[in-house]
Amino acid sequence: MIKNLSKLLISIRRQIHQHPELGDNEYKTSALIEKTLQAHGIKTSRPGKTGVIALIEGKAKSKGPKRCVALRGDIDALPITEQTGAPFSSQTKGVMHACGHDANCTMVLGAALLLSERKNNFSGTVKCLFQPNEESSGGAKGLIRQGALARPAVDAIVGIHVSPWLKMGELGLKRGAMMAAVDHFTIEIIGEGGHGAYPHLATDAVVVAANVINALQTIVSRQADPVEPLVLTIGQINGGERYNIIAGKVTMVGTVRTLSEKLHRQMPAFMERKIKNICAAYGAKYTFKYQMLGNVLENSDAVLEVCRQAGNEVLGAGKVTLLEKPSMGGEDFAQYLRTVPGCFLYIGAGGKKAYPWHHEKFNIDERVLPVGAKLMAATAEKLL
Ligand SMILES: [Zn+2]
Ligand SMILES: [Zn+2]
């Protein structure tokens, strides 16, 4: 029997917070999670280097076929120097839990502990996924490849994330598309360098690049449906040597964000048509690499409804908010939803002064930890 859930979870969260680890290097974090689970008699396994999976089997008589529900919490930190001034601040220079994954995994851990104490209440299996490397968008794909959704096959999945924008203990749910597909592209414009005074003897890659940048923005304004969200950002541009030398090459790197899989699939061709024809018009060549890092995070209406009921019961009436707007940010929880219906939850953890995710002063109201754990445990029971 857990004597003081709140105290235990705060202590675990602070240990994880003090020793943050970057994606795929979460050795201490996963060891602490596994040790705590095992100390409470919970079966664990270690797919890959740093992921942890916990299985809790219910003992109640099953009315129908046994189901399996997965709960997911991510465990990685970010390359940021912490400036919260908290007594349990990061002890690893330049690394910080600035997205709240220390809280996310602690809440799922808390749910595992609660469920292991009330196995007689449910039938079927709860599978807790402690997922590495969310921030680089590779962690969910890795766990899936390692069989996280199989043996036993997962019927529904729920993920939880602390939010600085919701009040403490408030649950934020979003129907349908909630977060964007995140893509990465690199464009090289290859012209012909030359003397700054003799442009007629060169092919100026800077001028071609300028035209490509403007043309790409017209995909958003003139080509995509105006009621369809789309972001195309070029975040990096490099080219040229000196003020009086015409640049022979310009490289641009950027990201595309979409909220529909149709537009997501269309974007590489939309972009290449512009790049190819502008380069041809100026006599330049190009290379274009487009990488889809993830997919649109699309919640299941049926699972969302169950989460809403659990929220009403655990958090109280008036604490469940249906969010109107999706976000153009990404979240690799989307990868699970490609094969399993599920829902991604925001749980409010905003303190007196809220800082955004990935900010050096990001912090949470720790009262959220037992609340999130109870919510996840109740959601799992309802889904089984
Ligand atoms: Zn993040
Ligand atoms: Zn995050």
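Just above sits the structure.
Residues numbered from 1 in each chain as written. Chains lettered and ligands numbered in written order. Predicted model: local features only at pLDDT ≥ 70, side-chain atom pairs only at ≥ 80, totals over all residues. Heavy atoms only, no water.

Turning to the packing of aromatic side chains, a few remarks are in order. Per the counting criterion, the structure on display carries five aromatic pairs. Pairing Phe288 with Tyr290 gives two aromatic rings, centres 6.0 Å apart and planes at 65°, and the pair type is edge-to-face. Accessibility classification places Phe288 together with Tyr290 in one group, the buried group. Taking the centre distance of 5.9 Å and the plane angle of 70° together, the rings of Phe344 and Tyr346 count as edge-to-face. Of the residues examined, Phe344 reaches a relative accessible area of 0% and is grouped as buried. Among the residues examined, Tyr346 registers a relative accessible area of 11% and is labelled buried. Feature note: the residues Phe333, Tyr336, Phe344, Tyr346 and Trp357 constitute an aromatic cluster, connected by ring pairs. The aromatic ring of Tyr355 is capped on one face by Lys353, whose charged end is 4.7 Å from the ring centroid. (Phe/Tyr/Trp six-rings, centres within 6.5 Å; stacked < 30°, edge-to-face > 60°. Buried < 20%, exposed > 50% of the residue type's maximum accessible area, 1.4 Å probe, protein only. Lys NZ or Arg CZ within 6 Å of the ring centre and 35° of its normal.)

The subject of this paragraph is the coordination of the zinc ion (ligand 2). Note on the zinc ion (ligand 2): its protein donors are Cys99 (SG), His101 (NE2) and His161 (NE2). The metal-donor distances range over 2.1 to 2.4 Å. Donor residues binding the zinc ion (ligand 2) come from one chain and are separated in sequence as C-x1-H-x59-H. For the pair the zinc ion (ligand 2) and the zinc ion (ligand 1), the metal-to-metal distance amounts to 3.3 Å, and Cys99 bridges them. Taken as a pair, His101 in helix α3 (residues 101–117) and His161 in strand β5 (residues 156–163) lie far apart in primary sequence, 60 residues in all. For the pair formed by His101 and His161, the shared burial category is buried. (Donors = N, O, S within 2.8 Å, 3.2 Å for Na, K, Ca; no water. Helix = DSSP H or I, 4+ residues; strand = E, 2+ residues; numbered from the N terminus.)

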